[in-house]
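Fold and contact review
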Amino acid sequence: MLWKLIDGLLGVGRRRGRDAITSQRDQGSATQPTSGDSGGKATGSSLEDLVQQAEMLAKAGQLDAALERYRVCVQAYPHGLDAYLGMGNVLVDLWSVEEAVASYGKALELAPFSSTIYSALLFHSHYLASPDRRRLFALHQRFGEMMRKASRPGKESFAPAPDPERRIRIGYVSPNFSRHSVGYFVEPVISHHDRSRYEIFCYYTHHLSDETTERIRGLADGWRDIANAGDDAVEKMIRNDRIDILVDLAGHSKGNRLGVFARKPAPIQMTWLGYPDTTGLDAVDYRVTDRVADPDPDAEQWYTERLLRIDDVFLCYKPPEDSPPVCARASPASEIVFSSCNNIAKLNEQMIQVWGKILGQVPGSRIIVKSAPLGYPDTVDRVLDCFERNGIDTQRVELRGWITDRSQHLDLYAHIDIALDTFPYNGTTTTCEALWMGVPVVSLAGTAHMSRVGATILRCAGLNEFVAGSMNEYADIAIALAHDQAQRKSLRASLRDKLLASPLLDHEGFTGKLELHFRQSWMEWCVRQLAG
């Protein structure tokens, strides 16, 4: 049913003309509920009242009650856009990803030219247990087609000088210049750029300001707060700043400004870090990756962008400065603690089945699963039911919610022996954090970028032996490691030093490699301009 819905969405853009696209081009705010007809009279409540009730229940952590209220709402108001969006958000927190994607799909049927809703559908579709890569790529392409028809680029306010060797201006656009996963990877790059050759501008699309925000603000040559600015204003701002290379750090994640990129305000545009897939936009020229995350040549067919492959690894990690020291630990097999600290949406029943096999072969072991939605009792019940359904004693499962203090979060690794990566959507920051805290990570490599990030990080750290090619191999690696106390003790003592010596933490070296690609793309653009 879900893919049937998505197949229907793929035809939406082809059934409507340019006029329809233009008339709805500003629907991205997704705040325009469309009321139904007499259905509302059956409840005695308006659409707005029902949505508000559901939102209040969700904020109070009563997710099952909120979901029931949203279902009443969409039954009474089948065209209630905000109800489908709110229901999708609650379903994600309730660990019902397939239902959530279907709800976002229904919302997109109601507002087929809303870029915000489209991005929500694309983003959450990557959490499906069995994502269909062909259909996902087609959805991205259709998004790009929609944006190309809807976008009206303004007149260029400057003519970039096609000088291959001049100091060029780089603009980074992100909602995550803060204590966020993306912040851990972009801050070291911004701080290590060669300022004699590059001028750095940051366009911040969020209101949050913390110590990371202030550090990055202090590192930038130009800082622009654009959370409240419309696409027209941001486009004009970027053109007036004379940006040569504009870099998207969000993709289809929340807070993105792909609508600005669709207008092509900079001569060269790239996407990097914040999203494990193509933007779908012809206006974005390049995607930054590496040869493990996107192997040559098969990966090319799944992107509308040209791939720029960085040597070794496509990112570099900055560990938190307040990281606690690695805690010595060498548990016997009977006391092994496995863990997954990934977003619960990345977890699926197939993974739990494999974890059950691992726990079954390591008697006395247990697993800690940590994720923000596990602070909700209704979500905890659903996850525990899944473990129990797959024959796992829930006494061996510890579920933890959000830990606000970063040091306390990292302290958790003092009680963990082996981290288990998720599949098909691997972790990134969580893998780096575990390794930094001396905990080996077992990862399963697939064919798409999102299922190869674990492989590229572990290979870069010299830990290829923990990358599996199948579910059975994944389980075998974890089981063998659990029974090898000496190897775990050695890894505990050496992993942080391994990371420090690896390209993953070579901030200056990585930034230099990224700059080479920036410069090469700039030189190619200059050659085209001079030849044209």
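Below, the structure is looked at part by part. Note that the structure is a prediction, hence the values are computed from the model and not measured. (Residues numbered from 1 in each chain as written. Predicted model: local features only at pLDDT ≥ 70, side-chain atom pairs only at ≥ 80, totals over all residues. Heavy atoms only, no water.)

What about the sheet that holds strand β10 (residues 397-400)?
Strand order in the open sheet made by the six strands is β10-β9-β8-β11-β12-β13, with parallel pairing throughout. Strands with a single pairing partner mark the edges of an open sheet, and in this sheet they are β10 and β13 (467-468). As judged from the two bridges shared by strand β11 (residues 418-420) and strand β12 (residues 441-444), these two strands associate in the parallel manner. When the sheet's bridge partners are listed, Ala419 is paired in β12 with Val441. Strands in contact with helix α14 (residues 349-361) are β8 (337-340), β9 (366-370) and β11; relative to β9, the strand with the most contacts, it is inclined by about 145°. (Pairing = 2+ DSSP bridges. Helix = DSSP H or I, 4+ residues; strand = E, 2+ residues; numbered from the N terminus. Contact = heavy atoms within 4.5 Å. Axes fitted to C-alpha atoms, helices over the stretch in contact; angles between N-to-C directions.)

Some points on empty space enclosed by the protein
The full count for this structure, using the stated rule, is three cavities of 30 Å³ or more. As for the largest cavity, its lining consists of Ser339, Ser340, Cys341, Asn342, Tyr413, Ala419, Leu420, Asp421, Thr430, Thr431, Ala434 and Val441. Secondary-structure elements contributing two or more residues to the lining of the largest cavity are β8, β11 and α17 (429-436). Examining the composition of the lining of the largest cavity, we find that three residues originate from one element, α17, more than from any other. Residue composition of the lining of the largest cavity, grouped by class: six nonpolar, five polar and one charged. If you add up the space inside the second largest cavity, you get close to 40 Å³. Lining the second largest cavity, in full, are Arg329, Asp417, Gly438, Pro440, Arg488 and Arg492. Taken together, the residues that form the lining of the second largest cavity break down as one nonpolar, one polar and four charged. (1 Å grid on protein atoms, 1.4 Å probe; cavity = no way out; pocket = protein on both sides within 12 Å on 5 of 7 lines; lining within 4 Å. Points joined across faces, edges and corners; volume = space filled by probe spheres on them. Nonpolar A, V, L, I, M, F, W, Y, C, P; charged D, E, K, R; others polar.)

What to know about the packing of helix α7 (residues 97-110) against helix α8 (residues 115-125)
At their nearest, the axes of α7 and α8 sit 9 Å apart, and the two run at 160° to each other. Relative to α8, the element α7 lies roughly antiparallel. Considering only the axes of α7 and α8, their crossing is left-handed. Touching Val97, Val101, Tyr104, Gly105, Ala107 and Leu108 of α7 are Ile117, Tyr118, Ala120, Leu121, His124 and Ser125, all from α8. Its residues placed into classes, the contact of α7 with α8 shows nine nonpolar, three polar and no charged. (Parallel < 35°, antiparallel > 145°, perpendicular 65-115°, else oblique. Left-handed = near helix turned anticlockwise from the far one by under 90°.)

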